[in-house]
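Observations on the three-dimensional arrangement
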Amino acid sequence: MLERLPILVIGAGMSGITAAVEAAEAGLSVILLEKLPYIGGNAISMNRYFPKMCPPYCGMEINFRRIKDNPLISLMVSTEVSSVFEQDDSFAVELVSAPEYVNSNCTLCGDCVEVCKAEMKDVFNRSMSSKKAIYHPHDLAFPERYVIDDASCLYDRCNACFETCRYDAINLEAKPKETELIVGSIILATGWEGFDPAEVPDYSFGKHPDILTNLMMERISAPNGSTMGKILCHETQKAPKKIAFIHCVGSRDENHLPYCSGVCCSASLKQALHAVEVLPEVEVSLHYIDLRVSGRNEDFLSKIQDHPRIRLIKGKVSKVNTNTNNKELEFVAEDIESGKKLTYDADMLVLATGLIPNQSAVEGLLPKQRSYLDYYSLPDGVKMAGCAIQPMDISASVKSATGASLLGFRRKEE
Ligand SMILES: Cc1cc2nc3c(=O)[nH]c(=O)nc-3n(C[C@H](O)[C@H](O)[C@H](O)COP(=O)(O)OP(=O)(O)OC[C@H]3O[C@@H](n4cnc5c(N)ncnc54)[C@H](O)[C@@H]3O)c2cc1C
């Protein structure tokens, strides 16, 4: 009988989850590794998914169940690879897991949160809200368990959460854990990070609270987000009357990201449609260089083109001005159709930033570059999946991950 070494999947976003589930359902053992305390990657923080405008639990819950029910998948969260050595026909891998301060006895009762005195920015909400140092990452978080943030916790001075817990679920003495594995193949599904718009100073990101990135827009639109789904201007706490989207922030620009991220146009169209759905008076303008939407997302474009409260304006935005008594935002943009350079105003600006493939787990295996990765030059036995290769939408990520999952059949030991 053939015995195969397990596959190690690094990163548990939609791509890593898919690769793990597909490989395990084909009979292979899989170790699925995630550096965060929960799985789902960037997609779990979205408000709705294009093209169907469905909520994130739509595709995720079924995958969580497939992971839970499959004994061939070992899920390790809060864990990263510390070293990889290629040996013969396999890889020796060392992992390090963050201390497990909260164990599986946790019932999510929340008593610990009530007594916790330390607060920190909620990175899941792109730092637009705060939370306690002991926290439940978000309402779809899997595994379902509270987590303690080491950097923010006052645990050497306060053990209030430990004293309050009735289920023996908290151990403030927990230490990091090291694990050694031998695996037959590795799938890198480390996904992407958003481009930092502060690198383009003309767009004034960080100078006004209502200049948001597209990722922040997802979190203020989401019912489990920083404003419980209410799209509000920061200071007035009123709904914006005008929202403008600036496409290609840093993208297709030799100084920043020389490529098109492919999904940001569809993401802006999706966010614009959501805004006009929930804000009956809002007017939305989208300032674009080229609209790159393909396949099923073309339906979106038709809906936008026909919408009376949405305007598509072809032309690059050159400058955002925040010195307008902090009430409105002004920006200068071309309008290619009229051939004029015009000044526009808005209460809220959304910067459509691109995606940067995340190479943190693959340093040494790949040249560091801000461009598409050459996954053909990877060592034998290593494959990439999803946005770690190049920006792509969820459906393309799933396809790429399904293909990568076949890697596990490459090597065999008798
Ligand atoms: C504003 C915006 C809106 C979008 N909306 C949509 C949409 O509506 N529909 C759609 O189809 N697509 C959408 N996308 C694209 C979508 O987010 C991606 O297709 C999807 O996230 C790709 O999944 P992934 O698993 O490849 O990467 P990711 O989601 O980035 O997941 C990667 C995972 O790997 C983990 N990881 C990274 N490094 C390590 C490491 N060293 N060790 C362990 N784990 C690690 C990360 O923590 C993360 O959990 C949107 C993109 C943007 C920017």
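Residues numbered from 1 in each chain as written. Predicted model: local features only at pLDDT ≥ 70, side-chain atom pairs only at ≥ 80, totals over all residues.

It is worth spelling out the packing of helix α6 (residues 264-278) against helix α7 (residues 298-306) at this point. Running from N to C, α6 and α7 point in directions that differ by 45°, and their axes come no closer than 10 Å. One finds that α6 runs oblique with respect to α7. When you trace α6 past α7, the crossing you get is left-handed. Facing α6, whose interface residues are S266, L269, K270, A272 and L273, α7 presents F300, L301, K303 and I304. Split by residue class, the contact of α6 with α7 holds six nonpolar, one polar and two charged. (Axes fitted to C-alpha atoms, helices over the stretch in contact; angles between N-to-C directions. Helix = DSSP H or I, 4+ residues; strand = E, 2+ residues; numbered from the N terminus. Parallel < 35°, antiparallel > 145°, perpendicular 65-115°, else oblique. Left-handed = near helix turned anticlockwise from the far one by under 90°. Contact = placed C-beta atoms within 7 Å. Nonpolar A, V, L, I, M, F, W, Y, C, P; charged D, E, K, R; others polar.)

Lining the immediate environment of the ligand, one finds 39 residues, of which G11, G13, G41, G191 and G386 sit closest. Breaking the shell around the ligand down by element, the ones donating at least two residues are α1 (14-25), α5 (214-221), α6 and α8 (394-404). Partitioned by chemical class, the residues of the shell around the ligand number 19 nonpolar, 14 polar and six charged. Here the shell around the ligand spans two domains, and each of domain 1 (7-98 + 176-191 + 358-409) and domain 3 (195-355) adds at least three residues to it. (Near = placed C-beta within 6 Å. Domains from an automatic or database assignment.)

Two quantities define a packed helix pair, namely the angle between the helix axes and the distance between the axes. Between α5 and α6, the least distance of the axes is 11 Å, while the angle of their chain directions is 30°. If you check the angle between α5 and α6, you find them roughly parallel. Where α5 crosses over α6, the handedness of that crossing is left-handed. Residue-level inspection shows N214, M217 and S221 of α5 in contact with α6, the latter providing C264, A267, S268, Q271 and H274. Among the residues making up the contact of α5 with α6, the classes are represented as three nonpolar, five polar and no charged.

Note on placement: L95 falls in strand β5 (residues 90-97). Separated by 84 residues in the primary sequence, L95 and G11 have C-alpha atoms spaced 13 Å apart. Once residues lying within four places of it in the same chain are set aside, the contact partners of L95 are L33, M76, T79, E80, V81, S82, E178, T179 and L181.

Before going further, it helps to spend a moment on the sheet that holds strand β10 (residues 177-183). Spatial strand order, β4-β5-β10: three strands in an open sheet with antiparallel pairing. Each edge of the open sheet carries a strand with a single partner, namely β4 (79-87) and β10. Going from strand to strand, the sheet's axes swing by 20° on average, the running direction of each strand aside. Judged from the eight bridges that link them, β4 and β5 form a sheet pairing that is antiparallel. Paired with Q87 across the two strands is S90, which belongs to β5. (Pairing = 2+ DSSP bridges.)

With that settled, the discussion passes to the domain arrangement of the protein. Quoted interface sizes are often the accessible area lost when the parts come together. Assigned domains within the protein: domain 1 (7-98 + 176-191 + 358-409), domain 2 (111-164) and domain 3 (195-355). Its C-alpha centre places domain 1 at a distance of 31 Å from the equivalent point of domain 3. Facing the 14 residues of domain 1 at the interface are 19 residues of domain 3. Class assignment for the residues of the side of domain 1 that touches domain 3 results in eight nonpolar, three polar and three charged.

Turning next to the sheet that holds strand β18 (residues 329-335). One open sheet holds the three strands; their spatial order is β17-β18-β19, and the pairing between them is antiparallel. Two strands in the sheet have a free side with no partner beyond their single neighbour: β17 (317-321) and β19 (340-346). Within the sheet, the average angular offset between the axes of one strand and its neighbour, ignoring direction, is 20°.

Interpretation of this model should avoid reading the predicted coordinates in detail wherever pLDDT is low. Per-chain confidence: the protein averages 91 in pLDDT, with 93% of residues scoring 70 or above. Between residues 366-372, whose pLDDT stays under 50, and residues either more than four places distant or in other chains, the model counts 10 contacts. (pLDDT = per-residue confidence, 0-100.)

For helix α2 (residues 57-69), with 13 residues, the first-to-last C-alpha span of 18 Å sits near the 18 Å given by 1.5 Å per residue. The set of residues buried in α2 consists of G59, F64 and I67. Along α2, the residues classed as buried sweep out an arc of 130° about the axis, all on the same side. Opposite the packed face of α2, turned more than 90 degrees from it, sit the exposed residues C58, E61, I62, R65, K68 and D69. Those residues of α2 that are buried are in contact with α1 and β3 (73-76). (Expected span 1.5 Å × (residues − 1). Buried ≥ 20, exposed ≤ 12 C-beta atoms within 10 Å, placed from the backbone. Arc of directions from axis to C-beta.)

Next up on the list: the nonpolar core. Among the nonpolar cores identified, the biggest contains 97 residues, and V9, A20, V30, I187, L349 and L351 are the most heavily contacted of them. Sorting elements by how many residues they give to this core places α1 first, with seven residues. With sequence-adjacent residues up to four places away left out, A20 is seen in contact with V9, V30, L32, I67 and I73. Listed in part, the 15 residues of the second largest apolar core include V102, I134, Y135 and I170. (Core = buried A, V, L, I, M, F, W, Y, C linked by C-beta atoms within 7 Å.)

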